[in-house]
Amino acid sequence: MKRIAIDHLPVGTVGTALTLGNFDGVHRGHQAMLEQLVREAGERGLVPTVLTFEPYPREFFEGVSAPPRLTSLTRKYLWMKQMGVDQVRVLRFNAALAALPAADFVRRVLVQGFSARWVLVGDDFRFGNRRQGDFSLLREMGRTLGFECAAMQSVRIGGERVSSSAIRACLDAGDLTRAAALLGRHFSLVGRVGYGHQLGRTLGFPTLNLALRHRPPLAGVFVVEVCGPAPHPLSGVASLGHRPTVNPLDAPLLEVHLFDFGQTIYGQRVEVRFLHKLRDERHFSNTDQLVAQMQADAAAARAYFAQQSLIQDAS
């Protein structure tokens, strides 16, 4: 996906139904927005279009202090296309865009750049320099510039507003069940299997090693299933973090031990779905203690899968 800078924004020629935002996680609130976007676009004869930003505004302003991402740009794109979005456009968030007044953002980006005829935003959406633009301004400018706009009310599950922040809080607390309810799917990470130091193999626990491009929103030891190496999901246990006992790392690493799987799949792209948190990362005094804990983790993960199988059989 090509990232478009505000200074090189093309002139749109095809009328669009447009929504815009980070869409981090493409969670159930986002999914409701995209469903409405596609439906309204079809009824109005417009092209359903999503405008998203790279980097996220908070990443631009806060750097490494910004919240961790839930989703990569590529996965957002694929999920949106699966939901029927025809166009996904990425606007580079830079100093020029950050300084753009709200009214100019509407004229240059929404109208001139993307030929917006119908615009959908969240009920808390703000835009433009110093976040001065809101739905009232958008609606007022739409009357003179020839587009309609609508505000999507927040989606709530169990009384809680679905948001990327709420999902990050669930993941940080190890509540993967609640995170999955808000996302509409299990939280997962995708990466390419790389070469490690073969330490896990020497300890009796060979692992798939996945280096991560972005700081993950969770850490610890987890029950997981992995999609990609086989026609069906594979069961396993994973460690996500900095390996405090052996060769501590600056950047987090995802290490997955798959049960009853002996193939070599270096270079293959896999998806790791996080089902249940077993424990936090911790330092062990020696490798014997580490191996004993790894054996306990594997046993706990197998017990989890066995329990889930019993539940499914009973339902």
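Parameters at a glance
Residues numbered from 1 in each chain as written. Predicted model: local features only at pLDDT ≥ 70, side-chain atom pairs only at ≥ 80, totals over all residues. Heavy atoms only, no water. Axes fitted to C-alpha atoms, helices over the stretch in contact; angles between N-to-C directions. Helix = DSSP H or I, 4+ residues; strand = E, 2+ residues; numbered from the N terminus. Parallel < 35°, antiparallel > 145°, perpendicular 65-115°, else oblique. Left-handed = near helix turned anticlockwise from the far one by under 90°. Contact = heavy atoms within 4.5 Å. Nonpolar A, V, L, I, M, F, W, Y, C, P; charged D, E, K, R; others polar. Core = buried A, V, L, I, M, F, W, Y, C linked by side-chain atoms within 4.5 Å. Buried < 20%, exposed > 50% of the residue type's maximum accessible area, 1.4 Å probe, protein only. Pairing = 2+ DSSP bridges. Arc of directions from axis to C-beta. Salt bridge = Lys/Arg side-chain N within 4 Å of Asp/Glu carboxyl O. 1 Å grid on protein atoms, 1.4 Å probe; cavity = no way out; pocket = protein on both sides within 12 Å on 5 of 7 lines; lining within 4 Å. Points joined across faces, edges and corners; volume = space filled by probe spheres on them. Phe/Tyr/Trp six-rings, centres within 6.5 Å; stacked < 30°, edge-to-face > 60°.

Pulling in residues and values, what's your account of the packing of helix 7 (residues 164-173) against helix 8 (residues 176-183)?
Packing of helix 7 against helix 8 brings their axes to within 8 Å, and their N-to-C directions diverge by 160°. Between helix 7 and helix 8, the crossing angle belongs to the class labelled roughly antiparallel. Helix-helix and strand crossings are classified by hand; for helix 7 and helix 8 the assignment is left-handed. For the pair formed by helix 7 and helix 8, the contact residues are A166, I167, C170 and L171 on the first element and L176, R178, A179, L182 and L183 on the second. Residues that form the contact of helix 7 with helix 8 fall into these classes: eight nonpolar, no polar and one charged.

Describe in detail the nonpolar core, supporting the description with residues and values.
Generally speaking, soluble globular proteins have nonpolar side chains that are buried together. In this structure, L254, V256, V272 and F274 are the most contacted members of the largest nonpolar core, which totals 32 residues. Elements represented by at least two residues in this core include exactly helix 7, helix 8, strand 9 (188-194), strand 10 (208-211), strand 11 (220-227), strand 12 (234-241), strand 13 (253-258) and strand 14 (269-279).

I'd like to hear about the sheet that holds strand 12, residue by residue, with values.
Taken together, six strands build a closed barrel; the order of strands is 9-10-13-12-11-14 and the barrel is antiparallel. The mean inter-strand angle of the sheet, taken between neighbouring strand axes irrespective of direction, is 40°.

Any details on the sheet that holds strand 2 (residues 16-20)? Residues and values, ideally.
Read from one edge of the open sheet, six strands run 1-4-3-2-5-6, paired in parallel fashion. Only two strands of the sheet have a single partner each, and these edge strands are strand 1 (3-4) and strand 6 (148-152). Pairing analysis gives two bridges linking strand 1 to strand 4 (residues 87-92), with the strands arranged parallel. Note on strand 4: the bridge partner recorded for R3 is V90. Its contacts with the sheet put helix 5 (residues 102-113) on strand 2, strand 3 (47-54), strand 4 and strand 5 (116-122), and the angle it makes with strand 2 is roughly 130°. Its contacts with the sheet put helix 6 (residues 135-145) on strand 5 and strand 6, and the angle it makes with strand 6 is roughly 160°.

Now, about helix 3 (residues 73-82): what can you tell me, with residues and values included?
Along an α-helix, a turn takes 3.6 residues, which lines up residues three or four apart on a common side. Looking at helix 3, one finds that the buried residues are L73, R75, K76, W79 and M80. Buried residues in helix 3, looked at end-on, bunch into an arc of 160°, giving them a common side. Where helix 3 ends, the next residue or the one after it, G84, has phi of about 100°, a positive value.

An account of the pattern of salt bridges is needed here, citing residue identities and associated values.
Under the counting rule described, the total for this entry stands at 17 salt bridges. The partner of E59 in a salt bridge is R69, with the nearest N and O atoms 2.7 Å apart. Of this pair, E59 sits in helix 2 (residues 57-62) while R69 is found in the loop between helix 2 and helix 3, placing the two residues ten residues apart along the sequence. The partner of D280 in a salt bridge is K277, and the shortest N-O contact between them spans 2.6 Å.

Quick rundown of empty space enclosed by the protein? Include the residues and the values.
For the coordinates displayed, the defined rule picks out one cavity of 30 Å³ or more. Considering only enclosed or pocket space, the largest cavity measures out at about 50 Å³ in volume. Here the residues of the lining of the largest cavity are counted per class, giving four nonpolar, four polar and two charged.

Which residues make up the packing of aromatic side chains, and what values go with them?
Considering all chains together, one arrives at ten aromatic pairs under this definition. Ring centres of F61 and F93 lie 5.8 Å apart, and the angle between their planes is 70°; this geometry places the pair in the edge-to-face category. Note that F61 is positioned in helix 2 and F93 in the loop between strand 4 and helix 4 (95-98), a separation of 32 residues in sequence. Ring geometry for F187 against F274: centres 5.9 Å apart, planes inclined by 40°, an arrangement best described as tilted. Of this pair, F187 sits in the loop between helix 8 and strand 9 while F274 sits in strand 14; the two residues are 87 residues apart in sequence, bridging distant segments of the chain. F274 carries the same exposure label as F187, and that label is buried.

Break down unusual backbone geometry for me, citing the residues and quoting the values.
Each neighbour pair has its own omega, and for E54 with P55 the value is -5°, a cis peptide bond. The phi angle at R131 is positive, at roughly 55°, despite the residue not being glycine. Topologically, R131 is positioned in the loop between strand 5 and helix 6. On the basis of relative accessibility, which here comes to 51%, the residue R131 falls in the exposed class. At D260, a position not held by glycine, the phi torsion is positive, near 55°. Looking at the element boundaries, D260 is found in the loop between strand 13 and strand 14.

These values are about where atoms sit, not about what they do.
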